[in-house]
Amino acid sequence: QVQLVESGGGLVQSGGSLRLSCAASGNFFNIYTMRWYRQVPGKQRELVADITKDGNTNYADSVNGRFTVSRDDAKNTVYLQMNSLKTEDTAVYYCNADVKTRVTIPMRNYWGQGTQVTVSS
């Protein structure tokens, strides 16, 4: 079984910074693309950023230039550095990853439980 556990959320003032972490644990062969999503009540979950195993990154227009996604494969961890935070960044942030638990088993998608980020004005 694969578990993704996020940490680093909290309350921050507008203009401030936070760094989210998401650590994968369990028995698996390899982790491929890792992603950060966010969701506010009443809205669809939206992709914030993703990073492939090769290190290629992609960002939502709303966070491009302010957020940076990175990964440490030795620690099975993905990070989201969030700078110049705005009140509209307030949301629950979820980690997501494509994981192969065995070489012969197709890749599966996993979610973390989410971490709250609140940006005050």
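I will try to describe carefully the structure that is included in this document.

So, how was this worked out
- Residues numbered from 1 in each chain as written.
- Predicted model: local features only at pLDDT ≥ 70, side-chain atom pairs only at ≥ 80, totals over all residues.
- Heavy atoms only, no water.
- Helix = DSSP H or I, 4+ residues; strand = E, 2+ residues; numbered from the N terminus.
- Buried < 20%, exposed > 50% of the residue type's maximum accessible area, 1.4 Å probe, protein only.
- Polar contact = N/O pair within 3.5 Å; in protein donor to acceptor, adjacent residues only side chain to side chain.
- Contact = heavy atoms within 4.5 Å.
- Disulfide = S-S within 2.5 Å.
- Core = buried A, V, L, I, M, F, W, Y, C linked by side-chain atoms within 4.5 Å.
- Phe/Tyr/Trp six-rings, centres within 6.5 Å; stacked < 30°, edge-to-face > 60°.
- Lys NZ or Arg CZ within 6 Å of the ring centre and 35° of its normal.

Now for the side chain of Asn-96. Topologically, Asn-96 is positioned in strand S9 (residues 91-100). What makes Asn-96 buried here is its relative accessible area of 1%. Side-chain polar atoms of Asn-96 contact the side chain of Asn-109, separated by 2.7 Å. Apart from the residues within four sequence positions on either side, Asn-96 is in contact with Leu-4, Thr-33, Met-34, Arg-35, Tyr-37, Asn-109, Tyr-110 and Trp-111.

Counting across every chain of the model gives one disulfide. Between the sulfur atoms of Cys-22 and its disulfide mate Cys-95 the distance is 2.1 Å. Residues Cys-22 and Cys-95 share a disulfide whose torsion about the S-S bond is about -80 degrees; that sign makes it left-handed. Of this pair, Cys-22 sits in strand S3 (residues 18-26) while Cys-95 sits in strand S9, and the two are 73 residues apart along the sequence. Owing to a relative accessible area of 0%, Cys-95 belongs among the buried residues under this scheme.

Attention shifts here to the nonpolar core. In this structure, Trp-36, Leu-80, Met-82 and Tyr-93 are the most contacted members of the largest nonpolar core, which totals 30 residues. Among the elements of the structure, strand S1 (2-7), S3, strand S4 (30-39), strand S5 (46-51), strand S7 (67-72), strand S8 (77-82), S9 and strand S11 (115-120) are those that each provide at least two residues to this core. By residue number, the principal contributor to this core is S9, which donates five residues. Residue contacts for Tyr-93: discarding those within four places in its chain leaves Glu-6, Leu-20, Trp-36, Tyr-37, Arg-38, Val-48, Phe-67, Leu-80, Met-82, Gly-114, Thr-115 and Val-117.

Let us look at the packing of aromatic side chains. Enumeration according to the criterion identifies two aromatic pairs in this entry. Between the aromatic rings of Tyr-37 and Trp-111, the centroid separation amounts to 4.9 Å while the plane-to-plane angle is 55 degrees, which identifies the pairing as tilted. Residue Tyr-37 is located in strand S4, and its partner Trp-111 is located in strand S10 (residues 108-111); the two are separated by 74 residues in the primary sequence. Summarising the aromatic geometry, the rings of Tyr-94 and Trp-111 are spaced 6.4 Å apart at their centres and angled 85 degrees between planes, so their arrangement reads as edge-to-face. Remark: Trp-111 occurs in strand S10 and Tyr-94 occurs in strand S9; sequence separation between them is 17 residues. Tyr-94 gets classed as buried once you look at its relative accessible area, which sits at 14%. An aromatic cluster of at least three residues, connected via ring pairs, comprises Tyr-37, Tyr-94 and Trp-111. For Arg-19, the ring lying beneath its charged end belongs to Tyr-79, and the centroid distance is 4.0 Å. One Lys or Arg, Arg-45, reaches over the ring of Tyr-94 and ends 3.7 Å from the middle of that ring.

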